[in-house]
Amino acid sequence: MKIAVLAGDGIGPEIVAEAIKIFDVLRAEGETIEIERAHLGGAAHDAEGHPYPPSTQRIAGAADAVLLGAVGGPQYDSLPRAMRPEQGILGIRKDLQLFANLRPALLYPELAGASSLKPEIVAGLDLMIIRELTGDIYFGQPRGRRTNAQGDDEGFDTMLYARPEIERIARVGFATAMKRGRKLCSVDKANVLDTSILWREVVTGLAHEYPEVQLSHMYVDNAAMQLVRAPKQFDVIVTGNIFGDILSDEASMLAGSIGMLPSASLDARGKGLYEPIHGSAPDIAGTNKANPLATVLSVGMMFRYTFGRADLAARIEAAVRRVLAAGLRTGDIAAPGEAVTGTREMGDALVAALRK
Ligand code: IPM
Ligand code: MG
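Residues numbered from 1 in each chain as written. Chains lettered and ligands numbered in written order. Predicted model: local features only at pLDDT ≥ 70, side-chain atom pairs only at ≥ 80, totals over all residues. Heavy atoms only, no water.

1. Here we look at the site of ligand 1
Part 1 of the reasoning: Close contacts around ligand 1 come from E86, R93, R103, R131, Y138 and D245, and that covers them all.
Part 2 of the reasoning: Note that an oxygen atom of ligand 1 is positioned 2.8 Å from one of the side-chain N or O atoms of R131.
Part 3 of the reasoning: Protein chains bury 76% of the 320 Å² of accessible surface belonging to ligand 1 in isolation.
Part 4 of the reasoning: At a threshold of 2 Å from the grid points, most atoms of ligand 1 map onto the second largest pocket. (Near = heavy atom within 4 Å. Polar contact = N/O pair within 3.5 Å; in protein donor to acceptor, adjacent residues only side chain to side chain. Areas by Shrake-Rupley, 256 points an atom, 1.4 Å probe, with all protein chains shown as cover. 1 Å grid on protein atoms, 1.4 Å probe; cavity = no way out; pocket = protein on both sides within 12 Å on 5 of 7 lines; lining within 4 Å. Sits in = over half its atoms within 2 Å of the grid points.)

Now the structure itself:
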């Protein structure tokens, strides 16, 4: 198992360090795990002058899977857009053709109180958002700045999907639904956008190939509302890049904390980039406060999706449940007055739980 590790910026190095402890345990048990580190984001800009430098392209390209911490920080805000840390993430997604982004929102029963929603609304929540990741308004051309006929400054972007792009992500949606509750909700804005009219047409056209999946469609504004009104109505949601970006952040709060949610970004052959869905949290970087569990769970997803090792994934997930059941809480998931555990201590507890 050849893994490229990109720690990134902010809390990235701290949370990745805890995930590496898992690899160490498994290696000691005899698993063949090879790690190669590379730079991404602001750290890459600092070290090599580009957020996704050639050395990282080579290392990530040669690996079976990539583990990413997080990128970004206020010190990079003034860089030109092409040099900003976010371009590192967007660049690697596009370069490795990681078009399918899986973002599960699972509420651990121990954390029902950490959600900002009433426990009865979120108890038992288990939904999967599948976000298209290499198209849409994120990458559509043309885009840019110009001056219009009135002499006013304009900024513009292009929302764009081609039929094959919609087809392949829709298939991931249907296939995922087949492995879960067999309900797929496709989210679009087909009452307004041409891109979405095509999206809905293509998704609907595939439904007969998956007769066991109950397909529904929802406008994105309604989906945003339904996610906080009655989130348990959803099993799998499939949607485009920008709607998925927004809805997955919203869904993360259902699960108590964005610090709990892993993600997988997969290509057509199962190679993947795995990262927590939270950001680099520069405000708490270097303070041993970050929650490493989303990163640890991302490693679990890596074993499940890229390496076909559901056994290791299940062990990691069980270890996470065990540390939560033992009452360990980083600041983001602690109830008021509850004792707070540090990043490293959480990682050590996890390793101990994993060894059992
Ligand atoms: C995410 C992030 C990224 C995105 C940023 C950092 C480019 O918000 O992974 O959701 O918008 O896709
Ligand atoms: Mg986002």
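2. Examining the pattern of salt bridges
Two side chains with opposite charge may pair up if their charged atoms get near one another.
Part 1 of the reasoning: Inspection of the entire model under this criterion finds 22 salt bridges.
Part 2 of the reasoning: Among the salt bridges present, the one from E154 reaches R146, with a minimum N-O distance of 2.8 Å.
Part 3 of the reasoning: Accessibility expressed as a relative area gives 25% for E154, which makes it partly exposed.
Part 4 of the reasoning: Notably, a salt bridge pairs E212 with R182, separated by 2.6 Å at the nearest N-O pair. Taken together, the positions of E212 in the loop between α7 (194-206) and β9 (214-219) and R182 in the loop between α6 (163-179) and β8 (183-188) put the pair 30 residues apart, joining distant regions of the chain.
Part 5 of the reasoning: Salt bridges here are not isolated pairs; linked through shared partners, they connect E18, K21 and D348. (Salt bridge = Lys/Arg side-chain N within 4 Å of Asp/Glu carboxyl O. Buried < 20%, exposed > 50% of the residue type's maximum accessible area, 1.4 Å probe, protein only. Helix = DSSP H or I, 4+ residues; strand = E, 2+ residues; numbered from the N terminus.)

3. Some thoughts on the layout of surface pockets
Part 1 of the reasoning: If you add up the space inside the largest pocket, you get close to 650 Å³.
Part 2 of the reasoning: In terms of lining, the largest pocket is formed by 28 residues, of which the most central are P104, M128, M301, R304 and Y305.
Part 3 of the reasoning: Only β4 (100-106), β5 (126-132), α6, β11 (262-266), α10 (293-305) and α11 (310-325) provide two or more residues apiece to the lining of the largest pocket.
Part 4 of the reasoning: By residue class, the composition of the lining of the largest pocket is 18 nonpolar, two polar and eight charged.
Part 5 of the reasoning: Each of domain 1 (1-99 + 267-356) and domain 2 (104-135 + 163-260) gives at least three residues to the lining of the largest pocket.
Part 6 of the reasoning: Space inside the second largest pocket adds up to approximately 370 Å³.
Part 7 of the reasoning: For the lining of the second largest pocket, the elements supplying multiple residues, two or more each, are β3 (65-70), α4 (85-95), α9 (241-254) and β12 (272-276).
Part 8 of the reasoning: The element that contributes the greatest number of residues to the lining of the second largest pocket is α4, accounting for four residues.
Part 9 of the reasoning: When its residues are assigned to classes, the lining of the second largest pocket shows eight nonpolar, four polar and seven charged. (Points joined across faces, edges and corners; volume = space filled by probe spheres on them. Nonpolar A, V, L, I, M, F, W, Y, C, P; charged D, E, K, R; others polar. Domains from an automatic or database assignment.)

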